Amino acid sequence: MAALESFYAFTEQLTHKLTFPLPGETAHRVMQASSRLRLTFKPNARTRRSAVLILFYPHQGEIYFPLILRPAYDGVHSGQVAFPGGRYELSDENLIRTALREAQEEIGLRLTDVKILGALTELFIPASNFYVLPVVAAMPYRPGFYPDPREVEDIFEIKLEEISDVNIIGSSDIQVRGEQVYAPHYMVQGYKIWGATAMMVSELLAVLNASDPASES
């Protein structure tokens, strides 16, 4: 019971912090890869909208969230670690619904007890020409995961404490469509979290570590 009360306190505090001015690009730049495409390719008429779900839940006294491993395929996000999510469909009433629907389809998430806490800064991904909205949510227990094998090769349950450790931050050269990209990354469970996902994690951690602006005035 004490662990659950602690989790509720965490979600209430995070909900409050998501109402502060978001750090956005300042936090994104910390984990941004040095790609020429990012410098030259800008949003255009063909840019599409999408959303991902950052879902917190308690388990064995710790706070977790899931990440997925994309299967190898002929596309820009082949084999990458990411939050569950995908493109906006006309049947979605908004991008929050997109994030929930995609999480339901990709990892079998039951939406009954999912509570939306807020959202991070929308992020443009030049490689796929998408704007992606990171939607932050919580549920009061560990969900069952039923991955769609067409879209998910594996699911990682990541401890918040683990991703908050500065010692897991590194950088490396990564080949992306023939271009060598220098990319900061988080090394978690033997995998590199880099690119847009790392930029979202960077902003999430900045929000979690932010102090209340009202207390500083």
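Residues numbered from 1 in each chain as written. Predicted model: local features only at pLDDT ≥ 70, side-chain atom pairs only at ≥ 80, totals over all residues. Heavy atoms only, no water.

**What to know about the overall build of the chain**
Tallying secondary structure elements over the chain gives 7 helices and 11 strands in all. Evaluated residue by residue, the chain yields a buried proportion of 49% over its 217 residues. Considering only residue pairs separated by 6 or more positions, the chain has 67% of its internal contacts joining residues 24 or more positions apart. When the accessible area of the chain is evaluated, it comes to approximately 11300 Å², of which 51% is carbon and sulfur surface. (Helix = DSSP H or I, 4+ residues; strand = E, 2+ residues; numbered from the N terminus. Buried < 20%, exposed > 50% of the residue type's maximum accessible area, 1.4 Å probe, protein only. Contact = heavy atoms within 4.5 Å. Areas by Shrake-Rupley, 256 points an atom, 1.4 Å probe, with all protein chains shown as cover.)

**Some remarks on the pairing of strand β7 (residues 130-138)**
Where burial is concerned, most of β7 is hidden: 8 out of the 9 residues are buried. Two elements, strand β1 (residues 48-59) and β7, share 9 bridges in a ladder whose sense is parallel. Looking at β7, one finds that Arg-49 is bridged to Tyr-131. Where strand β5 (residues 115-119) and β7 come together, 4 bridges link them in antiparallel fashion. When the sheet's bridge partners are listed, Lys-115 is paired in β7 with Ala-138. Across 3 bridges, strand β6 (residues 123-125) lies against β7 in antiparallel orientation. Bridge pairing links Phe-124 to Tyr-131 in β7. (Pairing = 2+ DSSP bridges.)

**Description of the packing of aromatic side chains**
One pass over the structure, following the stated rule, counts 8 aromatic pairs. Taking 5.9 Å as the distance between ring centres and 15 degrees as the angle between the ring planes, the aromatic pair formed by Tyr-57 and Tyr-64 counts as stacked. The exposure class assigned to Tyr-57 is buried, which follows from its relative accessible area of 0%. Here the aromatic cluster, defined as three or more aromatic residues joined through ring pairs, consists of Phe-7, Phe-10, Phe-56, Phe-65 and Phe-83. (Phe/Tyr/Trp six-rings, centres within 6.5 Å; stacked < 30°, edge-to-face > 60°.)

**Topic: helix α6 (residues 195-209)**
A rise of 1.5 Å per residue sets the reference length of α6, with its 15 residues, at 21 Å; its end C-alpha atoms lie 21 Å apart and thus fit the reference within 8%. For α6, the buried fraction is high: 13 of the 15 residues fall into the buried class. (Expected span 1.5 Å × (residues − 1).)

That's the geometry; what it means functionally is another story.
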